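Below are the chains, spelled out letter by letter.
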Amino acid sequence: QVQLVESGGGLVQAGGSLRLSCAASGRTFSSYAMGWFRQAPGKEREFVAAIIWNGGNTYYADSVKGRFTISRDNAKNTVYLQMNSLKPEDTAVYYCAAKQNPRTYYRLPMEREYDVWGQGTQVTVSS
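**Quick notes on the overall build of the protein**
Next, step 1: Regarding its fold elements, the protein presents zero helices and 11 strands.
Next, step 2: Ordered by position in the sequence, the α and β elements of the protein form the string β-β-β-β-β-β-β-β-β-β-β.
Next, step 3: Taken over the C-alpha trace, the protein has a radius of gyration of 13 Å; the compact-globule value for 127 residues is 14 Å, and the two agree within 12%.
Next, step 4: By its C-alpha atoms, the protein is 40 × 25 × 25 Å across when sized along the principal axes.
Next, step 5: When the 127 residues of the protein are sorted by exposure, 45% land in the buried category.
Next, step 6: Of all intrachain contacts in the protein linking residues separated by at least 6 positions in sequence, the fraction that spans at least 24 positions is 60%.
Next, step 7: Summed over its atoms, the accessible surface of the protein is roughly 6600 Å², and 44% of this surface lies on carbon and sulfur atoms.
Next, step 8: Each charge class in the protein was averaged separately, 14 positive and 10 negative side chains, and the resulting centres sit 5 Å apart.

Here you go:
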């Protein structure tokens, strides 16, 4: 099983950009679909974006479509979340998650689908 470590969070003004990274340990990274989720204070964790093993399919929450881009580099065992045009409502702890060899992709926006989770990285967007 992989282990996940997120990085790249921080404080940014509204309209700014950040790129989150999630580094995975192990040799089987390319067998995992990867997802990003976030949890704002007082709210439940919610889906942000997901990507299949080869990057061929990506999925986004409506709230981030057109602003966020998920990508992966299997040679570096890393998945990225490029976040542009950030809004104060994007403030949250962002979590990376991994699902090995999913049988279907339609459940990738579901939190319970994932096997492994990172510790999270804080993103704060000031107005």
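**Structural notes on the nonpolar core**
A general trend in soluble globular proteins is that nonpolar side chains are found buried together.
Next, step 1: Ranked by internal contacts, the top residues of the largest apolar core, which has 38 residues, are Leu-4, Met-34, Trp-36, Val-79, Leu-81, Met-83 and Tyr-94.
Next, step 2: When contributions to this core are tallied by element, the ones reaching two or more residues are β3 (18-24), β4 (32-39), β5 (46-51), β7 (68-73), β8 (78-83), β9 (92-100) and β11 (121-126).

The rules behind the values
Residue numbers run consecutively from 1 along every chain, following the written order of its sequence. Under the rules for a predicted model, residues below a pLDDT of 70 receive no local features and side-chain atom pairs below 80 are neither given nor counted, while totals for whole chains, interfaces and linings still include all residues. Heavy atoms from the whole structure form the basis of all side-chain values; hydrogens and water molecules are not counted. Per the convention used, a helix needs a DSSP run of H or I reaching at least four residues, while a strand needs a run of E reaching at least two, with both numbered from the N terminus. Atoms considered for the radius of gyration are the C-alpha atoms alone. The globule rule reads 2.2 Å times the number of residues to the power 0.38. When accessible area is computed with a 1.4 Å probe and restricted to protein chains, residues below 20% of their type maximum are described as buried, those above 50% as exposed, and intermediate ones as partly exposed. Only heavy atoms enter the contact rule, under which two residues are in contact if any of them lie within 4.5 Å. Throughout, the Shrake-Rupley method with a 1.4 Å probe supplies accessible areas, and for residues the shown protein chains are the sole cover considered. Positive: Lys, Arg. Negative: Asp, Glu. His and the chain ends are not part of the count. Throughout, a charge is located at the NZ atom of Lys, the CZ atom of Arg, the CG atom of Asp or the CD atom of Glu. As used in this record, nonpolar core signifies buried Ala, Val, Leu, Ile, Met, Phe, Trp, Tyr and Cys residues forming a set joined through side-chain atoms within 4.5 Å.

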